[in-house]
Each structure stands twice: as C-alpha cells, then as structure tokens.
Amino acid sequence: MAERDLMLAELTGGRILLDMLSAALTLPTVKRAKSRGGVKAAASVNVHHLVLNEHDVAGYRTFAKLSPPLRSEDDRVALVQAVKDGLIDCDRFPATIRAKRKISACRLRKRRSARWAWKRCWQARLRCTTRGDAPLNTLIRAMTAKPAELLNLPQGRLVKGARLM
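Computed from a predicted model, the values in this text were never measured in an experiment.

(A) Local environment of the pattern of salt bridges. Considering all chains together, one arrives at ten salt bridges under this definition. Residue R4 is joined to D5 by a salt bridge in which the shortest nitrogen-to-oxygen separation is 2.6 Å. Note on D5: relative accessible area 23%, which makes it partly exposed. Across the salt bridge formed by R125 and D91, the nearest N and O atoms sit 2.9 Å from each other. Residue R125 is located in helix α5 (residues 118-130), and its partner D91 is located in strand β3 (residues 90-92); the two are separated by 34 residues in the primary sequence. You'll find R125 and D91 in the same group, each marked buried. Where salt bridges share partners, they join E73, R76, R131 and D133 into one cluster.

Encoded structure:
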C-alpha cells in the first residue's frame, strides 16, 4: 500500500506522509522513494514502536494493544535505526488516554487501541536513549524541529524570539 501511495504522490506532484510506520518491510520502499527525488515523502513512527515489541502485549497487557499493532523485535530495531538515519522524519505525538490496564482477558479483543499520554512518551524516549538505541537529541528533533520543518512552521526550535504556538 505504501508503494502505491508513493507512486500516486509522485505522479501528481503531491506531498505524502507515510504515517505510523510499524514494520521494517516498509522501510526499503520509503528509502527508494526518497532517493528518487521525484516524490515529496515523509515518514513517521509512534514512540511506542521504538521501545516495545509484540511480547509487551503478552499476558493481556492492554496498555500495549495498539493500532498499528506492535511488531517483532527486529522491526523495532529497524525503526529505531531508520529514525537515527533520518529515513523516518518524525516521531508522531500520541493522543492522551486513560489507563487501560484493568480488563479481563476475554475483553481484550473488544478493547479499543490507544496511545500513551505525554508523560509515558517521555519515559519511552528516555528508555530508548538509556538502552543506547538512539541519542535523545535525535528523538527530540524528530518530535519537534523536523515536523515543523515539514510543515514550514516557525515552531519547533529553541532559539531567541521563536514562537511557541
């Protein structure tokens, strides 16, 4: 599907954001599209796909039921590397949620997917950094300056006189 969307963006001259990548399988497609130069493509990933894998949802841990779902450890490592290499442009900011930990196993399938709150996202970024997966400044740039650059916004930088909102 990403290949098709990238071809359509190239044919029409449009810009495209491949949002919430979760699998390593998509990364070569993104790399080819960006290297051709004819398509204005950007890619994003959710922070939880940088720190968690499919084993974190085991035992009906509903806080880790996500959409797109968590993938293998190989996928997680490939996504982290793609952020470090600049292939993935931005870290998608997750929506705030209420705690979802208490739920019976039989209701897991019916539970809606959700993302972590702000506090949890910072903890995840710090976990990614302390494990040595990616430098904190790379993760902060993916969350602030890079999205602002992609949207041609003056925000996303800590400089004198910069607008906050």
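(B) Molecular detail of unusual backbone geometry. A cis amide bond links S67 with the next residue in sequence, P68, at an omega value of 0°. The residue M20 is not glycine, and still its phi comes out positive at about 60°. For M20, the position within the fold is in strand β1 (residues 15-21). Positive phi values are uncommon outside glycine, yet N152 reaches one of about 55°. Relative to the helices and strands, N152 resides in the segment after α7 (145-150).

(C) Layout of the pairing of strand β2 (residues 40-46). With six of seven residues buried, β2 lies mostly within the body of the structure. Between β1 and its parallel partner β2, the chain crosses via helix α2 (residues 27-36), and the hand of that crossover is right-handed. Note: β2 against β3, three bridges, orientation parallel. The partner of S44 across the bridge, within β3, is C90.

(D) Just the sheet that holds β2, in detail. Spatially, the three strands line up as an open sheet ordered β1-β2-β3, and their pairing is parallel. Edge positions in the sheet fall to β1 and β3, since each of these pairs with one other strand and no more. Looking at each pair of strands side by side, their axes are set apart by 35° on average, direction ignored. Along the sheet, helix α1 (residues 2-12) contacts β1 and β2; its crossing angle with β1, the most-contacted strand, is approximately 160°.

(E) Representation of the environment of G156. By the secondary structure assignment, G156 is in the segment after α7. By relative accessible area, G156 is classed as partly exposed at 29%. In this structure the C-alpha to C-alpha distance between G156 and A142, which are 14 residues apart in sequence, comes to 9.9 Å. Once residues within four sequence positions are removed from consideration, G156 is found in contact with T144, A145 and A148.

(F) Focus on the side chain of N53. Tracing the backbone through its elements, the reader meets N53 in the loop between α3 (48-51) and α4 (73-85). In this structure N53 comes out as buried when scored by relative accessible area, which is 11%. Every residue in contact with N53, bar those within four places of it in the chain, is listed here: L70, R71, S72 and E73.

(G) Structural context of the confidence of the model for the protein chain. Scored by pLDDT, the protein chain has a mean of 79; 78% of the residues are at 70 or more. Confidence drops under a pLDDT of 50 for residues 94-106, and excluding neighbours within four residues, the segment shows 26 contacts in the predicted structure. The model gives residues 112-116 a pLDDT under 50, and that stretch makes 27 contacts with residues more than four places away or in other chains.

Cut-off values and rules
Residues numbered from 1 in each chain as written. Predicted model: local features only at pLDDT ≥ 70, side-chain atom pairs only at ≥ 80, totals over all residues. Heavy atoms only, no water. Salt bridge = Lys/Arg side-chain N within 4 Å of Asp/Glu carboxyl O. Buried < 20%, exposed > 50% of the residue type's maximum accessible area, 1.4 Å probe, protein only. Helix = DSSP H or I, 4+ residues; strand = E, 2+ residues; numbered from the N terminus. Right-handed = clockwise from strand over helix to strand, strands pointing away. Pairing = 2+ DSSP bridges. Axes fitted to C-alpha atoms, helices over the stretch in contact; angles between N-to-C directions. Contact = heavy atoms within 4.5 Å. pLDDT = per-residue confidence, 0-100.

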